[in-house]
Amino acid sequence: MTSFKPSFTRRQILATGLAATALGASSGVLAQQGGRVLRIGHQKGWLSILKGRGTLEKRLAPLGVKVTWTEFTAGPVQLEALNVGSIDFGDVGEAPPIFAQAAGAPLVYAGATVPRPALEAVIVPQGSSIRSVADLKGKRVAYNKGSNVQYFLVKLLEKHGLKYGDVQSVFLAPADARAAFERGAVDAWIIWDPFLAAAQKTLDARLLVDATGVVNNRAYYFTSRDFATKNTDVLRIAIEEVNGIDTWASKNKEAAATELSAVLGLDKAITDLYLGRARFGVGPVTPEILAEQQQIADTFFELKLIPKKLNLRHAAPVDLG
């Protein structure tokens, strides 16, 4: 199995940033020559499949809109590219937009997936004595700091009458957390798919509890306020096309697992497990969805992960009533 490691180094960030800046410059030339440009930043996943299909380009061609694509290693790098004006659209989890907005990025939510709570979970070694959330008290728990799973942990402990400080937090990126979990350096690991499915299939990890009934775990599609103001028609079509891929995957899980395994470099057994518990559907961002993000922002402020309180209405879609 080829390992899937979206963790990144400073050198990779700088290299990606330079590429994105060059892309932004070339796209600016295209815009000056006439016509609009949708510059998409994406991670390996559903947007990669959309790129391969070419259906977005076909739908936007009659509007005179050109599409360009740049692949990134992680959500925070995409959001930095948005902040410097190098991309117009991308995909990301719940937490990175909160940090981007706290840093002053002019982001706007363009779309959101349906809730997908089964795609993140707490896992423990198969022979672990940990059998309940209560058993996590005092244990070493690995997870990515400032990510959606940190928010999941806070709410999970709260639901079971525990405090955030009742566990020993070990902040590790997914690849490092996997290594620590495998050698027994941590007692539990909180992680999302496809890393979750990979750990279950290749490390014989036991799923203690997923996020069902605790948090929603949506994914988001973002843009900039300037682009959203001038291109609502383009964004509407982009979200429709992304939802089209989701709809296809929901009805063709076998084919989707095969295609996604090739994109991610993972065994199909892993993507089968991942897609088997996934929920599908992408649509507009509503006031209720913004309220979910507001809760995450408030929690991160209380944990002193961001320097100021945020008003998520500042990141509302421009056409939200």
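Residues numbered from 1 in each chain as written. Predicted model: local features only at pLDDT ≥ 70, side-chain atom pairs only at ≥ 80, totals over all residues. Heavy atoms only, no water.

Asks: Help me understand the overall build of the chain, please; the structure alone is not making it clear to me.
Replies: Along the backbone of the chain there are 13 helices and eleven strands. Across the 321 residues of the chain, 52% fall into the buried class. Of the contacts formed within the chain by residues at least 6 apart in sequence, a portion of 78% connects residues at least 24 apart. (Helix = DSSP H or I, 4+ residues; strand = E, 2+ residues; numbered from the N terminus. Buried < 20%, exposed > 50% of the residue type's maximum accessible area, 1.4 Å probe, protein only. Contact = heavy atoms within 4.5 Å.)

Asks: Would you take a moment to explain the pairing of strand β6 (residues 140–143) for this structure?
Replies: Consecutive side chains along a regular strand alternate between the two faces of the sheet. Summarising the sheet, β6 and strand β7 (residues 168–171) pair through four bridges and their orientation is parallel. Looking at β7, one finds that Val141 is bridged to Ser169. In terms of handedness, the path from β6 via helix α6 (residues 148–159) over to β7 forms a crossover that is right-handed. Bridge count between β6 and strand β8 (residues 188–192): two bridges; the pairing is parallel. (Pairing = 2+ DSSP bridges. Right-handed = clockwise from strand over helix to strand, strands pointing away.)

Asks: I tried to follow the nonpolar core on my own but got confused; where do I start?
Replies: Nonpolar side chains tend toward joint burial in soluble globular proteins. Ile98, Tyr109, Val122 and Leu136 are the most contacted members of the largest nonpolar core, which totals 66 residues. Those residues within four positions of Ile98 in sequence are excluded, and the remaining contacts are Tyr109, Gln293, Ile296, Ala297, Phe300, Ile306, Leu310 and Leu312. By size, the runner-up hydrophobic cluster in this structure holds 39 residues, among which are Leu60, Val108, Leu119 and Leu235. (Core = buried A, V, L, I, M, F, W, Y, C linked by side-chain atoms within 4.5 Å.)

Asks: Looking at this structure, I do not really get the side chain of Asn148. What am I missing?
Replies: Here Asn148 lies in helix α6. Here the side chain of Asn148 touches Asn217 through a polar contact of 3.0 Å, side chain to side chain. (Polar contact = N/O pair within 3.5 Å; in protein donor to acceptor, adjacent residues only side chain to side chain.)

Asks: How do you make sense of the packing of α6 against helix α13 (residues 287–302) when you look at a structure like this?
Replies: Helix-helix packing is characterised by the crossing angle of the two axes and by the distance between the axes. Orientation of α6 relative to α13, taken along the N-to-C sense of each, is 85 degrees, at an axis distance of 11 Å. Taken as axis vectors, α6 and α13 run roughly perpendicular relative to one another. From α6, Tyr151, Val154 and Lys155 reach across to α13, where they touch Gln295, Ile296, Thr299 and Phe300. (Axes fitted to C-alpha atoms, helices over the stretch in contact; angles between N-to-C directions. Parallel < 35°, antiparallel > 145°, perpendicular 65-115°, else oblique.)

Asks: I keep staring at the packing of aromatic side chains and nothing clicks. Help me out?
Replies: In this description, an aromatic ring pair is defined by two values, namely the gap between the centres and the angle between the planes. Taken as a whole, this structure holds six aromatic pairs when the rule is applied. Ring geometry for Phe89 versus Tyr221: centroids 5.9 Å apart, planes at 15 degrees, classification stacked. Of this pair, Phe89 sits in strand β3 (residues 89–92) while Tyr221 sits in strand β10 (residues 220–224), and the two are 132 residues apart along the sequence. On the accessibility criterion, Phe89 (1% relative accessible area) is buried. By relative accessible area, which is 5% here, Tyr221 ends up buried. (Phe/Tyr/Trp six-rings, centres within 6.5 Å; stacked < 30°, edge-to-face > 60°.)

Treat this as a map of the structure, not an account of what it does.
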